[in-house]
Amino acid sequence: MVKISVIGSSSMDLVVTSSKRPSAGETVLGESFKTVPGGKGANQAVAAAKLGAEVYMIGRVGDDHYGKIILDNFKKNGVNIDYVEPVTHMESGTAHIILAEGDNSIVVVKGANDFITPEYVESAKEIIKASDIVLIQQEIPEETVEYVASLCKEVNVPLLLNPAPARQLKEEVIEQVTYLTPNEHETMVLFKEKAKEEVLHKYANKLFITEGKAGVRYFNGKEEVLVPSYKVEAVDTTGAGDTFNAAFAVALAEKKSFDESIRFANRAASLSVTKFGAQGGMPTREQVEGNL
Ligand code: ADP
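Residues numbered from 1 in each chain as written. Predicted model: local features only at pLDDT ≥ 70, side-chain atom pairs only at ≥ 80, totals over all residues. Heavy atoms only, no water.

**Quick look at the overall build of the protein chain**
Part 1: On a plain count of helices and strands, the protein chain comes out with 11 helices and 13 strands.
Part 2: At 18 Å, the protein chain has a C-alpha radius of gyration in line with the 19 Å of a compact globule built from 292 residues.
Part 3: For the protein chain, the C-alpha atoms occupy an extent of roughly 55 × 40 × 40 Å along the three principal directions.
Part 4: In the protein chain, 67% of the contacts between residues at least 6 apart in sequence involve partners at least 24 apart.
Part 5: For the protein chain, the exposed area adds up to about 13,100 Å²; of that, 51% sits on carbon and sulfur atoms.
Part 6: The positive charge centre, built from 31 side chains, and the negative charge centre, built from 41, are 3 Å apart in the protein chain. (Helix = DSSP H or I, 4+ residues; strand = E, 2+ residues; numbered from the N terminus. Rg over C-alpha atoms; globule rule 2.2 N^0.38 Å. Contact = heavy atoms within 4.5 Å. Areas by Shrake-Rupley, 256 points an atom, 1.4 Å probe, with all protein chains shown as cover. Lys, Arg positive; Asp, Glu negative; His and termini not counted. Charge placed at Lys NZ, Arg CZ, Asp CG, Glu CD.)

Right, here's the structure in full:
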C-alpha cells in the first residue's frame, strides 16, 4: 500500500442544478439543491483512498456543522484525519456550484482553508517525509504551496502540484515540484503567451497537461505524447481533475511508467464523470482495473 499525504482544501459543496445559467442581474428557477463534501484537497484524498492508498489529509475545517460532516466523510472513506484540525470561530470552506447547460460555474469561499499556513503544515513534517508522494493544489495560501515545494525538495519526496484554481507560480516553485498537472486554462495562466510545445519541451516528464476528453499531453524527452481519454457519457465533470490527479499520484507512487499512470488516471477520471457529484462518482480500484 503506498502512502500519500494530501495538503489542501476541504469544503462543503452547495450544488444547484438549473437548465439555464443566470447572467448578471438575472434570477432563474433551478431544479435541485444538494450539499456534498468537496474541496480539491478533500476530493483528491478521498479518490486516492478509494483507489487503495494509505492517505493522510493535512488540512483544516471550521468549528461548524459542515466541519463535522467533512470529518465524518473522511473517516467513512478511510482517510486519516490526524492532521485535520478545526479552526475555532471560523466557518468551513464552501463551494457554490451551478450545474447548467452541461458545465459548471463555481464560487469558492476559503473559510478555514485559509488557515493551512506553512507553520501548520510544518507540524505534519514527519508524515510528509514518510510519504511515497505528496499531492497539493491551490485552494490554500500561496506561501504554503511554496513552503511545501521547498520542503519536499529538501527531504526528497516527490511532489505532484495540481495548479488549480489557476494562478501564476514562481519559476523557482515550478523547478522544485516533481510533477505539474494543469488543465488547458491553467496552462495559459501559468505560461502566458508561451507556446504549449515550448513549455512541454522545457518541462519534459514534469508537465502533464490535461485536455479534458481529448487526453493528457506531455513530452517524454524524445517526443510529444498524447495519451487519449476514454469515451464515456459525461453526466457531471465536477471533480474529474481531482480524480485524475489522485489516480495519477497513486500510480506514480506504485512506480508505474508515465504512460501507464496516465492511462490509469484517465480511466479513473472518465468513470468519475459518469456519475453526479465530485466524490460520488469516484471509482474504486476494482472499477478502474475492471476495464483496463
Ligand atoms: P479539470 O477537471 O481540472 O478542468 P480536465 O477537464 O482536463 O480537467 O479533466 C481532467 C481529466 O478528466 C482528463 O484528463 C480526463 O482524463 C478526464 N475527463 C474529463 N472530462 C472527460 C470526459 N468528458 N470524458 C472522459 N474523460 C474526461
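**Points about the pairing of strand β6 (residues 93-100)**
Part 1: With six of eight residues buried, β6 lies mostly within the body of the structure.
Part 2: With eight bridges connecting them, strand β2 (residues 11-18) and β6 associate as parallel partners. If you follow D13 over to β6, its bridge partner there is A95.
Part 3: One ladder, built from seven bridges, connects β6 with strand β7 (residues 103-109); its direction is antiparallel. Among the inter-strand pairings, A100 is bridged to a residue of β7, identified as D103. (Buried < 20%, exposed > 50% of the residue type's maximum accessible area, 1.4 Å probe, protein only. Pairing = 2+ DSSP bridges.)

**A closer look at the packing of aromatic side chains**
Part 1: Summed over all chains, the structure comprises nine aromatic pairs.
Part 2: An aromatic cluster is built from Y179, F208, Y218, F244, F248 and F258, whose rings are joined through pairwise contacts.
Part 3: Lying across the ring of Y120, R60 places its NZ or CZ 4.3 Å from the centre.
Part 4: The ring of Y230 has R267 lying over it, and the distance from NZ or CZ to the ring centre is 5.8 Å. (Phe/Tyr/Trp six-rings, centres within 6.5 Å; stacked < 30°, edge-to-face > 60°. Lys NZ or Arg CZ within 6 Å of the ring centre and 35° of its normal.)

**Here's the deal with the UniProt feature "domain: Carbohydrate kinase PfkB" (unreviewed entry) in the protein chain**
Part 1: Sites flagged by UniProt as "domain: Carbohydrate kinase PfkB" (unreviewed entry) map to residues 3-284.
Part 2: Taken end to end, residues 3-284 is 34% helix and 26% strand, and its first and last C-alpha atoms sit 17 Å apart. (UniProt positions renumbered as here; feature names shortened; annotations may be inferred.)

**Section: helix α7 (residues 184-191)**
Part 1: Within α7, the full set of buried residues consists of E186, T187, L190 and F191. An end-on view of α7 places all buried positions within 110° of arc, on one side of the element.
Part 2: With a side-chain oxygen lying 3.2 Å from the backbone nitrogen of H185, the N-terminal cap of α7 falls on N183.
Part 3: The first or second residue beyond α7 is K192, which carries a positive phi of 40°. (Arc of directions from axis to C-beta. Polar contact = N/O pair within 3.5 Å; in protein donor to acceptor, adjacent residues only side chain to side chain.)

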